[in-house]
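Each chain, written out:
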Amino acid sequence: MRGGRHLLPLLLLAVLRGLCHGREPAPGAVTCGSVLKLLNTRHSVRLHSHEVKYGSGSGQQSVTGVEASDDANSYWRIRGKSDGSCQRGTPVKCGQAIRLTHVNTGKNLHTHHFPSPLSNNQEVSAFGDDGEGDDLDIWIVQCSGTYWEREDAVRFKHVGTEVFLSITGEQYGHPIRGQREVHGMPAANHHNYWKAMEGVFIKPSMDPAKHDEL
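Quantities reported herein were computed from a predicted structural model and do not represent experimental measurements.

Re the overall build of the protein chain
Counting its secondary structure elements, the protein chain contains one helix and 14 strands. Looking at the protein chain residue by residue over its 214 residues, the buried ones come to 45%. At a minimum sequence separation of 6, the contacts of the protein chain that also span at least 24 residues come to 63%. About 11100 Å² of surface is accessible on the protein chain, with carbon and sulfur atoms providing 52% of the total.

If you want it as structure tokens, here you go:
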């Protein structure tokens, strides 16, 4: 009996620890402030932008998909829908509204009611200056769990026009030969799944001088 009395508090503590652990974000969650590349899982190309403008539609900076994994123009920073709404190192929740800011040009992933040049879906561009654009830069992360996990394929649904960030395989010619068109599609399907790949992932409450680089 004495042994049982001592064992009960230990078992209770273990159960409570297990419950608390279940509420914590997994170590592989994508976090606010992280810089990463996004792979379209259907077409195996990474979300990309550059200082090349569309020759039609909005005339804004183009967004494409590239096969190369080492292109520096494929890095995007995870930010909240407004400043302060996504604190550095906080895990991004499924259903959370975010902005994706292109690191090298400071423009945000954006879409609007212009036709895309190749497929006639909805044009996706990069818009704004130094990370500041407008309400058409906001996307909802759609995933199945509590948090956006690095190993999971997720969708990005545009708040303003309700399209999904997609690639269906159309390829550009000169001057960006071989790059794929990125566009918005109204239906959720296998063309609009994305996975976090290479990047610098900020850990919760970590020293800004340290990071987990993949």
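Thoughts on the side chain of arginine 180
Tracing the backbone shows arginine 180 in strand 11 (residues 180–181). Here glutamate 67 takes part through its side chain, which lies 3.0 Å from a polar atom of the side chain of arginine 180. Every residue in contact with arginine 180, bar those within four places of it in the chain, is listed here: His43, Val45, Thr64, Gly65, Glu67, Ile167, Gly169, Glu170, Gln171 and Tyr172.

So, the pattern of salt bridges
One pass over the full model with this rule turns up five salt bridges. Glutamate 67 serves as the salt-bridge partner of arginine 180, at 3.0 Å between the closest nitrogen and oxygen. On the criterion of sequence distance, the pair formed by arginine 180 in strand 11 and glutamate 67 in the loop between strand 3 (61–66) and strand 4 (76–80) is long-range, its members being 113 residues apart. A salt bridge links arginine 79 to glutamate 132, with the nearest nitrogen and oxygen atoms 3.3 Å apart. Taken together, the residues span a long stretch of sequence, with arginine 79 in strand 4 and glutamate 132 in the loop between strand 7 (122–127) and strand 8 (139–142) at a distance of 53 residues. Residue arginine 79 is classed as buried on the basis of its relative accessible area, which comes to 15%. When salt bridges that share partners are traced, they join Arg79, Arg99 and Glu132 into one network.

So, the environment of glutamate 162
Locating glutamate 162 in the fold gives a position in the loop between strand 9 (153–158) and strand 10 (164–166). Note: C-alpha distance between glutamate 162 and alanine 187 (25 residues apart in sequence) is 9.1 Å. For glutamate 162, the contacting residues outside a window of four places in its chain are Lys157 and Pro186.

Things to note about the packing of aromatic side chains
This structure, assessed with the given rule, holds one aromatic pair. Here the aromatic rings of tryptophan 148 and phenylalanine 156 are separated by 5.4 Å at their centres, their planes lie at 75°, and the arrangement is edge-to-face. By the burial criterion, tryptophan 148 is buried, and phenylalanine 156 matches it.

Structural notes on the nonpolar core
Membership of the largest hydrophobic core comes to 30 residues, with the highest contact counts inside it found for Leu47, Val63, Leu109, Trp148, Phe156 and Leu165. Listing elements by their share of this core, those giving two or more residues are strand 1 (35–40), strand 2 (45–53), strand 4, strand 5 (97–102), strand 7, strand 8, strand 9 and strand 13 (194–201). Looking at this core, the element that brings in the most residues is strand 13, giving three residues.

A look at the confidence of the model for the protein chain
Looking at the protein chain as a whole, its pLDDT mean stands at 86, while 83% of the residues score no less than 70. Predicted confidence for residues 1–25 stays below pLDDT 50, and this span has three contacts to residues more than four positions away or in other chains.

Describing the pairing of strand 5
When a strand is regular, its side chains alternate between the sheet's two faces. In terms of residue burial, strand 5 counts as a mostly covered element, since six of its six residues are buried. Burial along strand 5 is two-sided: Ala97, Arg99 and Thr101 and Ile98, Leu100 and His102, pointing in opposite directions, are all buried. Pairing of strand 4 with strand 5 involves five bridges; the strand directions are antiparallel. Within strand 5, the position partnered with isoleucine 78 by the bridge is leucine 100.

The rules we used
Residues numbered from 1 in each chain as written. Predicted model: local features only at pLDDT ≥ 70, side-chain atom pairs only at ≥ 80, totals over all residues. Heavy atoms only, no water. Helix = DSSP H or I, 4+ residues; strand = E, 2+ residues; numbered from the N terminus. Buried < 20%, exposed > 50% of the residue type's maximum accessible area, 1.4 Å probe, protein only. Contact = heavy atoms within 4.5 Å. Areas by Shrake-Rupley, 256 points an atom, 1.4 Å probe, with all protein chains shown as cover. Polar contact = N/O pair within 3.5 Å; in protein donor to acceptor, adjacent residues only side chain to side chain. Salt bridge = Lys/Arg side-chain N within 4 Å of Asp/Glu carboxyl O. Phe/Tyr/Trp six-rings, centres within 6.5 Å; stacked < 30°, edge-to-face > 60°. Core = buried A, V, L, I, M, F, W, Y, C linked by side-chain atoms within 4.5 Å. pLDDT = per-residue confidence, 0-100. Pairing = 2+ DSSP bridges.

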